[in-house]
Structures are given as C-alpha cells and as structure tokens.
Amino acid sequence: MAESVNLHVITGEPQAARPYRFRAMERFLFGGAGMLALLGLLLQAPWQISLATLAVALIAFLQLKRSRLLAAIATGAMALVAANSLIDLVDQPEAINAGFWCLVAAAWLLAWGCVDQLSAIKTLSRSYRTVLNVLIPVLFGLWLLILWELLTRGLNVPQVLLPAPSQIGQRFMESRAILWMDFKQTFLRAVLIGYAIGCGAGFIVAILIDRSPFLQRGLLPIGNLVSALPIVGVAPIMVMWFGFDWPSKAAVVIIMTFFPMLVNTVSGLSAAQPMQHDLMKTYAASYWQSLFKLRIPEALPFIFNALKINSTLAMIGAIVAEFFGTPTLGMGFRISTEVGRMNVDMVWAEIAVAALAGSLFYGLVALLERIFTFWHPSVRS
Amino acid sequence: MVSRHVNAAIPVIVVTLAIVVLWYVGAALLNLSWEKSVAERNGTAPSTIEMLRNTMHQERPVLPAPHQVVSEIIDTTIHKKITSKRSLIYHAGITLSSSMLGFLMGTLLGIVLAVIIVYNDALNKSLLPWIIASQTIPILAIAPMIIVVLNAVGIQGLLPKAFISMYLSFFPVAVGMVKGLNSPSSSHLDLMRTYSASSWQTFLKLRLPTSLPFLFTSMKVAVAISVVGAIVAELPTGAVAGLGARLLAGSYYGQTVQIWSALVVASVLAALLVVIVGWLGDFVNRRMGLAHG
C-alpha cells in the first residue's frame, strides 16, 4: 500500500515551526470515544450504535500504530454512520436521553480523532497531500453541520434563534426562484459591475500616475488612509445620487474597491529589481515595453492581492448599501426584511447564497492568481 | 530630518488641496440644477455668479460644500452639550464604545485561536481554512440578524454591536498571530532546545515576543474594521444612536449635510484609532528592541 510507504516520511519542509504535538491526544480521543459509547450503552442509548461505536473506538485505540489512514477511514466512517442514525432518532422525544448525548459526544470524538489522524499523515506525494488538505477542512465543516443539526433539534432550540441546517436547506430549495432573483440583482449586477469598474479604475489611475513621483507620494498616503476608513458610510449618499436600483450599489462597490487596487498597483509597479530595470535598458526597451514586459508582470502578485481583498469588500459594499433602500429585490434587502418578519430560515438561506457566492468569487480570483503568477515563489513552493 | 518630513508632506498637502478644490467644483456643478429649477419656479433670472454662490449654501444640497460640512461638525460638537442627542460627540462615543469592546474581544479571540492553531496540527489543518473562508462571506450581511436575534433573547445595548465588531476584527489578528507565532527561525527554536526550555517557556520567551510586530500590524487593520462593524451594526437597531444611526436618519430625511458630517467624524475616529494603535505598536516594539530602522 502506497500509504504505508509514505508514512512518517519527513517532507523536507522546515518542521521547526511545529516541534510540539500532543502525543496523548489520539489516545485521549479514541479512548474517550470508547468510554462515552460504553456510558451511552449503560444509559439506554440504542445498543446497536453504541456497540458499533465502542468496537471501532477500541480497535482504533489498540491498533493505532498500524496505519493512520486505516484508523482515520474506520473512525470517520463509523462517526458518520453514528451521526446518521442519531439524526434519524432526534425527532423522537423519548429517544433523547443522557445516553443519546453520550453517543453524540462519542461520535464527535471519533470524527475529531479521524481528522487528527489525517492531519498527522506525512507524505511526499503531492496529489495525496492535496487530497488531504481538502478533505480535512471538509470533514471539519461537515461535523460542524452535524453537531448544529443535532443540537438545535435535540435541544429544541427555537427556530427564531437558530434554525437547523436541514430547515435552511429545505427553505433554500423551496425559494430558489427568489434567491436567484436576489442573486442576480445584487451579485451579477451591483457586485460584478462595480468590482470591474472599481478595480479597472484603480489600475488605470495607478498606471497614469506612474510617471509622476510627485502624485504618487501625494496619493499613496491618502490612499492608504482611505483604505482604513469606513467607506461603507457613503452608501446613503450614493443611494440619494443614483437612486434605489443597482447603480447606487455598484457606485459604493466602485469607491470601496478603488483605493486598495490603486495602492497595491502603485507599490507593485515599483517591485521590479534595479538589475531587471538595467536589463530592460540594455535591450533598449521603451517605457511601455518595460511596463508591459517587466513591471506589470512583477506587479501581478500585488494586483491579485488587491483583487482578493476587493472580492470580499465588493460583496460587503453591495449588501450593506441595500440596507439604505432598494427596489424590493436584492440579498441585503431580503435579509433585512425577512429578519423583521422573523423568517430566520430565509435569512440563513440568503446568507448561504452570499457565502457560496463570496467563496466561489474568492476561489476564482485565487485560481487566476495561480495561473498568472505561476512563476512566483509563493505559488511555486 | 525636518526637511525630509516637509518634503514628504508637500505632495500630500498639494493633493489634499486639489481634492478640496475638486470637491468645491463638484458641489457647484451638482447643486446648480436645483438652483436653476428654483429660479424657474420663482420666475427670476439670477446671474450665473449668483446661482453659483447660492450652491454653496443650500439647505439640502446634492453634494454639500466642505465648509458646510465643517460648520455642521463644529456646530454639533462644540456648540452642543455632549449629553445632547444632537451632539456628534455623543453619537461618536456610542460607536466608539461598542467598536472598542468588539475590538478588544476580537483581538483576544484572535490571539487565543492563533495559539491553539499553532500548537495543534489537526486544528491548523481543519480550522484555519474555515477561518479564511469565513471572511469571504460578507459577514456584515448577518449583522441585522445577530442584532435582532440577540434582542429576542434579551441581550441588548452594547454587546450585540460589539459582537459584529468582534467577528470582523478577530480575523486579521488570528491570521497575523499565526504567522507571528510561527516566525521564529529554526535556529532560534534550536537555541531554546539547547537551553532545554519547556514548550511553555519557548512560547513565553521566544514565540510571543517575536510575534508582537505581527500582532500590532494586524491590530491596526482590526481596529479600522471594528469601527466599520460598529457603524453597520447600528443600522438595523432602528436608528437610535451612534454614527450609523446618524447616517440612516440623514438618509431618511434627506439631510445630506448630516450624512457627510457623520461620515467625516467616523473617518476621523477610524484614522485616530489606527494612529493610536500604530503608536502603541511602535512604543512596544521599541521597548522590546524589535524596531527596525
């Protein structure tokens, strides 16, 4: 098995940063899971799940040294099976007793042990490491959702306070049409258009003032200052100037994204080394040639940094601007009105859309960064 | 030394003056159409100069001239009692207190998370991606919900607003501190090992001091966005008090001068806080012998 070959191989990366690891952790996690399962069995939890959890926890506890991957797969799968049957039980009031919560805790410890084992795997294989790096946070997120579901439904948390993920999912599926319309209004119009114009304008202004050190020295400190200011506050002014519809939101986004782009591009354009400048000079390169062939490529890491910062700023700007007035459409509008009507599950569905759109947007920019700055040390390593 | 400061200041001053001039021009141009419509309604035909002069003193201008904003700020800060509901200092104080509380809580949470992440590999791999992902979510979107839901549970006043600021400000601190706590070079860590220092001693005497410059850099970012958080958090509370409430009330009643003055005060507040944290960082770094140059 490839896994056992790779096991415990030191990767050659600087390990000094992390000399410390709780060695007792894994024993504690699996031992704890086993004991909680046993306790659950005694406290009248369903015996099938308790016994199975107990068995898997014991095997993991005793056979840990054989293979981390096997232990992780076994405990992870058992944790999911246990969670699944616990979620099936959660709606029967007579099933919710101390034993039930013991099993929840046991399954959770098993899942934690699984993640702990996975992250302790050392490997040289690059694709294997990529899979692990994706799998670990996904499992963590999944368990957050499972615990959320079990706790809200098991403890009968009022729906107004915190709806269960399944309720949110159901509401999401029911109101796809509304969500799509809001998404179109806020994201496809205000965010994307504002983002494109704001980032484009910041970039162009940076190129324009590139030849004037005086303007640079004047605009940079101001740009840095403005980046730290609560610019969202211009939202009511923009709503007054450009009306309720999406142009006012796009305007807020433009203002918010302009300055980070300007500041980053200006500092990126000065990132090229004197040696490189000299090389361009020996080629008799014109200003524009050296700009396009040397300085803009050198500035790309800075520019992408601004693009990433701006992707989140743009979402915030557009949504907050909608609190100041919209046509009856848009994610910010929906959130503030549905909160008023105590339809919290709808709010969460809208937040899920915003989260998904925000992460995908960010992910896309990060992907483009990897493609365009493949030569940069931070990407290469 | 002095001349270097002056040289650095000249371009900034010139650009600032240019912005003020542009602002005046913009105010004149944007407010002109209102003057024209007034003249039409009254049947008078004032000269262009006269109309331009009037654009500087409108009651509800599209874009108030800078001196209008300044005089409004002076009027609502110096000439009003601090306890008065119309005093901007009163509103700024409310925003300041909730953003400070949120900033402190966020900084603490960020440091604690960073320490946990640095010392637990499983959490480093599982939690850190989610912390980063949490910031790609427009978290200000859930501000109204947090406020209303906490209100329903009976938590009112400062704390819900501070939560929003905390959520925004913990992130830069956590990320910066993870970087900072991991920043000691391996030779430094090896030195600690030759001293047979315990991991607690290594943390206290090496990792923590080396992380301080990172901490203060992130705190500057954190304090700026905690002000943003506090302002946005004031929007859904029904415009009771605070700079965000002033913004909202101004936009309800079309009081542009009020909006602009609230905005300027908020900006000054944020800038002051950033400068104070920056000074604090410089001071601490100098005392720790970490200042470079």
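From a predicted model like this one, the values you see are computed outputs, not experimental measurements.

What's the story with the overall build of chain B in this structure? I'm lost.
In terms of regular secondary structure, chain B is built from eleven helices and zero strands. Against the 2.2 N^0.38 benchmark of 19 Å for 293 residues, chain B shows a C-alpha radius of gyration of 25 Å, more extended than a compact globule. Each of the three principal axes of chain B carries a C-alpha extent, and together these read 90 × 60 × 35 Å. Counting all 293 residues of chain B, 40% fall into the buried class. Across chain B, every contact between residues at least 6 apart in sequence was considered, and the portion connecting residues at least 24 apart equals 75%.

Is there a simple way to explain the overall build of chain A in this structure?
On a plain count of helices and strands, chain A comes out with 16 helices and zero strands. A compact globule built from 381 residues would reach a C-alpha radius of gyration of about 21 Å, whereas chain A, at 27 Å, exceeds it by more than 25%. Projected onto the principal axes, the alpha-carbon positions of chain A cover approximately 80 × 55 × 30 Å. Across the 381 residues in chain A, those meeting the buried criterion constitute 43%. Taking contacts inside chain A between residues at least 6 apart in sequence as the whole, the part at least 24 apart equals 77%.

Would you mind going over the nonpolar core with me for this structure?
The nonpolar side chains of a soluble globular protein tend to be buried with one another. Val252(A), Val253(A) and Val232(B) are the most contacted members of the largest nonpolar core, which has 128 residues in total. Once residues lying within four places of it in the same chain are set aside, the contact partners of Val232(B) are Val232(A), Val320(A), Leu140(B), Ala143(B), Ile164(B) and Gly244(B). Counting residues in each nonpolar core, the second largest holds 43 residues, with Leu54(A), Ala83(A), Leu103(A) and Ala111(A) among its members.

Would you mind going over the interface of chain B and chain A with me for this structure?
Listed by partner, the interface residues are 52 residues for chain B and 57 residues for chain A. Of all elements in the fold, only helix H1 (2-42), helix H5 (121-136), helix H6 (143-153), helix H8 (186-194), helix H9 (199-234), helix H10 (243-253) and helix H11 (256-287) of chain B reach the threshold of two or more residues within the side of chain B that touches chain A. If one sorts the elements of the side of chain B that touches chain A by residue count, H5(B) sits on top with ten residues. By residue class, the composition of the side of chain B that touches chain A is 38 nonpolar, twelve polar and two charged.

Even after reading the chapter, I still don't get the confidence of the model for chain A, so can you show me in this structure?
Any residue range with low pLDDT should be treated as having predicted coordinates unsuitable for detailed reading. When pLDDT is averaged across chain A, the result is 81; 92% of the residues are at 70 or more. Mean pLDDT across the elements of chain A bottoms out in helix H1 (residues 2-6) of chain A (33) and peaks in helix H8 (residues 176-208) of chain A (92).

It is not clear to me how the domain arrangement of chain B should be interpreted in this structure. Could you clarify?
Reports of interface size often rely on the accessible area that becomes lost once the parts have come together. Here the domain parsing of chain B yields domain 1 (2-62) and domain 2 (88-287). The straight-line distance from the C-alpha centre of domain 1 of chain B to that of domain 2 of chain B is 37 Å.

Is there a simple way to explain the environment of Leu368(A) in this structure?
Within the fold, Leu368(A) resides in helix H15 (residues 344-372). Considered as a pair, Leu368(A) and Ser311(A) are 57 residues apart in the sequence and their alpha carbons are 13 Å apart.

Is there a simple way to think about the domain arrangement of chain A in this case?
As far as domains go, chain A holds domain 1 (2-157) and domain 2 (171-380). For domain 1 of chain A and domain 2 of chain A, the distance between their C-alpha centres works out to 40 Å.

Is there a simple way to think about unusual backbone geometry in this case?
Negative phi characterises most residues that are not glycine, and trans characterises most peptide bonds. In the Ramachandran plot, Asn156(A) falls in the positive-phi region, its phi being about 55 degrees despite a non-glycine side chain. With respect to the secondary-structure elements, Asn156(A) resides in the loop between helix H6 (126-154) and helix H7 (165-174). Residue class for Asn156(A) comes out exposed when judged on the 9 C-beta atoms lying within 10 Å of it. At Ser196(B), a position not held by glycine, the phi torsion is positive, near 50 degrees.

I keep staring at the confidence of the model for chain B and nothing clicks. Help me out?
Residues and elements named next belong to chain B. Per-residue pLDDT for chain B averages 82, and the proportion of residues at 70 or more is 95%. The least confident element of chain B, judged by mean pLDDT, is H6 at 75; the most confident is helix H4 (residues 88-119) at 90. Predicted as a complex, the structure gets a pTM of 0.80 and an ipTM equal to 0.78.

Even after reading the chapter, I still don't get the packing of helix H13 (residues 287-322) of chain A against helix H14 (residues 331-340) of chain A, so can you show me in this structure?
Helices that pack against each other are described as a pair by the angle of their axes relative to one another and the distance between those axes. Residue and element names in this part refer to chain A. Their axes nearest at 7 Å, the elements H13 and H14 cross at an angle of 50 degrees. It follows from the interaxial angle that H13 and H14 lie oblique. Seen along the crossing, H13 lies across H14 with a hand that is right-handed. Contact with H13, carried on its side by Ile319, Val320, Ala321 and Glu322, involves Met331, Gly332 and Phe333 of H14 and no other residues of that element. Tallied by class, residues from the contact of H13 with H14 come to five nonpolar, one polar and one charged.

Would you explain the packing of helix H11 (residues 246-269) of chain A against H13(A) in this entry?
Residues and elements named next belong to chain A. Relative orientation of the contacting elements H11 and H13 amounts to 160 degrees, with a least axis distance of 8 Å. As far as their axial angle goes, H13 and H11 are roughly antiparallel. Remark: the crossing between H11 and H13 carries right-handed chirality. Its residues assigned to classes, the contact of H11 with H13 shows 15 nonpolar, nine polar and four charged.

Can you help me understand H9(B) in this one?
At 3.6 residues per turn, the α-helix brings residues three or four places apart onto the same side. If you check H9(B), its first and last C-alpha atoms are just 44 Å apart, much less than what 36 residues at 1.5 Å a residue would give, namely 52 Å. The sharpest bend along H9(B) measures roughly 40 degrees and falls at Leu212(B), with the proline Pro213(B) sitting one to four residues further on.

Would you explain the environment of Leu36(A) in this entry?
Residue and element names in this part refer to chain A. Mapped onto the fold, leucine 36 is located in helix H2 (residues 24-42). A tally of 26 C-beta atoms within 10 Å means that leucine 36 is categorised as buried. Leave out the neighbours within four places in its chain, and leucine 36 touches Cys102, Ala105, Ala106 and Leu109.

About the thresholds
- Residues numbered from 1 in each chain as written.
- Chains lettered and ligands numbered in written order.
- Predicted model: local features only at pLDDT ≥ 70, side-chain atom pairs only at ≥ 80, totals over all residues.
- Helix = DSSP H or I, 4+ residues; strand = E, 2+ residues; numbered from the N terminus.
- Rg over C-alpha atoms; globule rule 2.2 N^0.38 Å.
- Buried ≥ 20, exposed ≤ 12 C-beta atoms within 10 Å, placed from the backbone.
- Contact = placed C-beta atoms within 7 Å.
- Core = buried A, V, L, I, M, F, W, Y, C linked by C-beta atoms within 7 Å.
- Nonpolar A, V, L, I, M, F, W, Y, C, P; charged D, E, K, R; others polar.
- pLDDT = per-residue confidence, 0-100.
- Domains from an automatic or database assignment.
- Axes fitted to C-alpha atoms, helices over the stretch in contact; angles between N-to-C directions.
- Parallel < 35°, antiparallel > 145°, perpendicular 65-115°, else oblique.
- Left-handed = near helix turned anticlockwise from the far one by under 90°.
- Expected span 1.5 Å × (residues − 1).
- Bend = angle between axes of the 7 residues up to and from the residue.

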